[in-house]
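Reading the structure
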Amino acid sequence: MTDRYPGYDVLAKRWTQSWNEVTRQVIDRRLAMPRGPRFFSATEWRTLNAVCDRIVPQPKDRPPVPLPAYVDQKMADGMLDGYRYAQLPPQGEAWRRGLAALDEAAGEAHGGPFHSLTIEQQDGLLRRMQHGDLSGNAWGGMPCKLFFDHRVIPDITHAYYAHPVAWNEIGFGGPASPRGYVRMGLDRRDPWEAVEVAPGKTAIAGRKNYRVG
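Let us look at the structure shown here.

About the thresholds
Residue numbers restart at each chain and count upward from 1, following the sequence in its written direction. With pLDDT at 70 or above as the cut-off, local features in this predicted model cover only qualifying residues; side-chain atom pairs require 80 or more to be listed or tallied, and sums for whole chains, interfaces and linings still use all residues. Note: side-chain values were computed over all heavy atoms of the structure, leaving out hydrogens and water. Numbering of helices and strands runs from the N terminus; a helix is a DSSP stretch of H or I covering at least four residues, while a strand is a stretch of E covering at least two. Any residue under 20% of the maximum accessible area for its type is buried, any over 50% is exposed, and the rest in between are partly exposed; the area is computed with a 1.4 Å probe on protein chains only. Contact definition: two residues touch when any of their heavy atoms are within 4.5 Å. Accessible surface is estimated by sampling points in the Shrake-Rupley manner with a 1.4 Å probe; for residues, cover comes only from the protein chains shown. Positive charge is attributed to Lys and Arg, negative charge to Asp and Glu, and no charge count is given to His or to the chain ends. For the purpose of locating charges, the reference atoms are NZ of Lys, CZ of Arg, CG of Asp and CD of Glu. Buriedness for pockets is judged along seven lines, at least five of which must meet protein on both sides within 12 Å for an open set on the 1 Å grid over protein atoms alone, while cavities are sets there where a 1.4 Å probe fits but cannot get out, and lining residues have an atom within 4 Å of a point. Grid points are joined across faces, edges and corners, and a volume is the space filled by probe spheres set on the points. Residue classes follow a fixed rule: Ala, Val, Leu, Ile, Met, Phe, Trp, Tyr, Cys and Pro count as nonpolar, while Asp, Glu, Lys and Arg count as charged, and any other residue, Gly among them, counts as polar. Lines are fitted to the C-alpha atoms to define the axes, a helix being fitted only along its stretch in contact, and any angle between axes, read from their N-to-C directions, falls within 0 to 180 degrees. Relative orientations are named as follows: roughly parallel for angles under 35 degrees, roughly antiparallel for angles over 145 degrees, roughly perpendicular for angles from 65 to 115 degrees, and oblique for any other angle. The handedness criterion is simple: a crossing whose near helix is rotated anticlockwise from the far helix by less than a right angle is left-handed, and one whose near helix is rotated clockwise is right-handed.

Secondary structure summary: the chain contains 8 helices and 0 strands in total. Each helix and strand of the chain, ordered N terminal to C terminal, gives the series α-α-α-α-α-α-α-α. Overall size of the chain, expressed as C-alpha extent along the three principal axes, is 55 × 35 × 30 Å. The 213 residues of the chain split such that 42% are buried. Excluding contacts between residues fewer than 6 apart, the proportion of contacts in the chain whose partners are at least 24 apart in sequence is 65%. About 11,700 Å² of surface is accessible on the chain, with carbon and sulfur atoms providing 53% of the total. Across the chain, the 28 positively charged side chains and the 24 negatively charged ones have centroids separated by 8 Å.

In structure tokens, the structure reads:
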């Protein structure tokens with residue numbers, strides 16, 4: 001989706017009326033995210049990186065959003081969702097069991113840890129998890145489908161769309177503080193919102209987005 005909002009860079013809003021100092025500080029912390037683990041072990045970290053790469057494959061023409069680091073931070077800082085399914089253990093324990101169970105299944109099916117498998121083999125195991133078809137001692141009674149639906153997918157995708165790189169791809173302006181939005185109707189756009197490209201009008205959208213602030 002990198003070509004959907006040509007010329008748009010949400011970080012250009014930094015010193016405009018769109019963002020205040022609190023917003024800038026929040027975004028700066030996200031951009032300065034440490035790239036190594038604080039919560040996960042080295043083995044868990046390798047598996048988590050491989051899982052993130054398959055759940056949200058990222059383009060090679062830009063630095064990737066550090067999805068494993070975001071998930072690790074959520075676990076290390078105990079940032080909870082406010083609810084938990086009774087069949088799932090606390091989020092950190094759920095991730096540790098799930099990653100260990102993936103490595104266990106990878107070893108049984110393909111003779112190596114999950115991160116060492118081919119993309120096709122990794123996708124195959126993730127599909128089996130999604131469909132509830134993985135089993136093994138490492139799960140500790142945790143349903144693999146519930147783990148996939150309510151830990152893997154939300155934790156990784158929420159991490160992706162918390163990052164300004166993803167905002168550029170969807171034309172999102174970030175937290176609207178203090179400016180807010182005025183034109184709330186369908187197909188209406190405030191002047192400080194990104195312009196989606198129309199067929200044959202890439203240059204026009206690019207010029208408009210260059211001035212968005």
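That was the structure; now back to the text.
Within the element layout of this structure, threonine 47 appears in helix α2 (residues 42–55). Every residue in contact with threonine 47, bar those within four places of it in the chain, is listed here: Leu99, Leu102, Asp103 and Phe114.

Turning our attention to helix α3 (residues 67–76). In terms of burial, α3 is largely enclosed, as 8 of its 10 residues are buried. Of the positions making up α3, those classed as buried are Leu67, Pro68, Ala69, Tyr70, Val71, Asp72, Lys74 and Met75. Those residues of α3 that are buried lie in contact with α1 (21–31), α2, α4 (91–110) and α6 (144–160). Once α3 ends, the next one or two residues include glycine 78, with phi positive near 65°.

Next up on the list: the layout of surface pockets. Looking at the largest pocket, its volume works out to about 430 Å³. Taken together, 20 residues make up the lining of the largest pocket; nearest its centre are Tyr70, Gln73, Lys74, Met79 and Ala162. For the lining of the largest pocket, the elements supplying multiple residues, two or more each, are α1, α3 and α6. The element best represented in the lining of the largest pocket is α6, accounting for 6 residues. When grouped by side-chain class, the residues that make up the lining of the largest pocket number 11 nonpolar, 3 polar and 6 charged. In this model, the second largest pocket occupies a volume close to 370 Å³. Taken together, 20 residues form the lining of the second largest pocket, with Asn49, Asp53, Gln58, Lys60 and Pro64 sitting closest to its centre. When residues of the lining of the second largest pocket are traced back to their parent elements, those giving at least two are α2, α3 and α5 (119–130). When residues in the lining of the second largest pocket are grouped by element, the largest group, 5 residues, is from α2. Taken together, the residues of the lining of the second largest pocket sort by class into 12 nonpolar, 3 polar and 5 charged.

On to the packing of α3 against α6. In the contact formed by α3 and α6, the axes pass within 9 Å of each other and the chain directions differ by 115°. Classified by the angle their axes make, α3 and α6 are roughly perpendicular. Like other packed secondary-structure pairs, α3 and α6 cross with a definite hand, here right-handed. Contacts between α3 and α6 pair Leu67, Tyr70, Val71, Lys74 and Met75 from the former with Arg151, Asp155, Ile156, Ala159 and Tyr160 from the latter.

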